[in-house]
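Each chain is listed here by its residues.
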Amino acid sequence: MKHIKEFSQFINEEYVVYKRRKGEDRGEEAGRYDSKSLANKVKDKANKVANNDWYVLEEGLMGDVHQLIKDTKTVQEFVKRFFAEYGDKIKRDRDSEEWVKGLYADAKNESLELNEADAFDALAGELSGTVYDAYSDGNTVQAYHTNRTWDDGTPVLKAIARSDQKSVKLPKRFKVVEDDEYGWWYFKVGNTWYGIDQSDWGTPPFEY
């Protein structure tokens, strides 16, 4: 409980600084302290405060917030339920709502990145292939495609192979799965998976 009390006090103190630097007192630091900076400071403090008891903090405080994020479908619902739960600790106003929305956005983005990374790893494992970080100049290529995926997020490869090719602009940075056995590259842009038959290219249309 000592750790949780100290951690909660730190959150409240840092939130005051966050509000000040957003410009309420028109200080020199106004506007230079965003919600992500606050989140990073909170995480650093959590590690220092908890030491070997970080698990207790996760279960006792941040774990509850993360679970609330998982249980809500929209940021509006999360904000409403957050202040219903923690409104006695943080007064609800425009700046506090912005901060809470930042917590939600950061958690959702992290979850999405992890899910996508898992899908690439799963596809590579299925094909005995390799995942690479790829780079392009933003050039356009012809590729087979599908929006159909399995429950683990991997693409339905038969759907890619049976599709017509279409033009797609390559991202500047992206992940690609190389299938050495059958000679394909697979990558994802938005919600669509793409496949390029290596026999159509002398050299890959991107670097990796």
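Residues numbered from 1 in each chain as written. Predicted model: local features only at pLDDT ≥ 70, side-chain atom pairs only at ≥ 80, totals over all residues. Heavy atoms only, no water.

A short note on unusual backbone geometry
Backbone geometry places serine 128, a non-glycine residue, at a positive phi of 55°. Of note, serine 128 is situated in the loop between α5 (94-127) and β1 (130-135). Looking at serine 128, the relative accessible area reads 65%, which means it is exposed. (Helix = DSSP H or I, 4+ residues; strand = E, 2+ residues; numbered from the N terminus. Buried < 20%, exposed > 50% of the residue type's maximum accessible area, 1.4 Å probe, protein only.)

Some words on the nonpolar core
Counting 13 residues, the largest nonpolar core has Val65, Ile69, Phe78, Phe82, Phe83, Trp99 and Val100 as the members making the most contacts within it. Contributing elements (two or more residues each) for this core: α3 (54-71), α4 (75-86) and α5. No other element matches the 5 residues that α4 contributes to this core. Every residue in contact with phenylalanine 78, bar those within four places of it in the chain, is listed here: Val65, Leu68, Ile69, Thr72, Val100 and Tyr104. (Core = buried A, V, L, I, M, F, W, Y, C linked by side-chain atoms within 4.5 Å. Contact = heavy atoms within 4.5 Å.)

Quick look at the confidence of the model for the protein chain
In the predicted model, the protein chain carries a mean pLDDT of 75, and the fraction of residues at 70 or more is 66%. Scored below 50 in pLDDT, residues 1-7 shows 13 contacts in the model against residues more than four places distant or in partner chains. Low confidence marks residues 49-59, where pLDDT is under 50. Its contacts with residues over four positions away, or in another chain, come to 18 contacts. (pLDDT = per-residue confidence, 0-100.)

Description of the sheet that holds β1
Within the open sheet, the 6 strands sit side by side as β1-β4-β5-β6-β2-β3. Their pairing is antiparallel. Edge positions in the sheet fall to β1 and β3 (166-169), since each of these pairs with one other strand and no more. Averaged over all pairs of adjacent strands, the angle between their axes in this sheet comes to 45°, without regard to strand direction. Looking at chain direction, strand β4 (residues 173-179) and strand β5 (residues 184-189) are connected through 4 bridges and run antiparallel. Pairing of valine 176 across the sheet is with phenylalanine 187, part of β5. (Pairing = 2+ DSSP bridges. Axes fitted to C-alpha atoms, helices over the stretch in contact; angles between N-to-C directions.)

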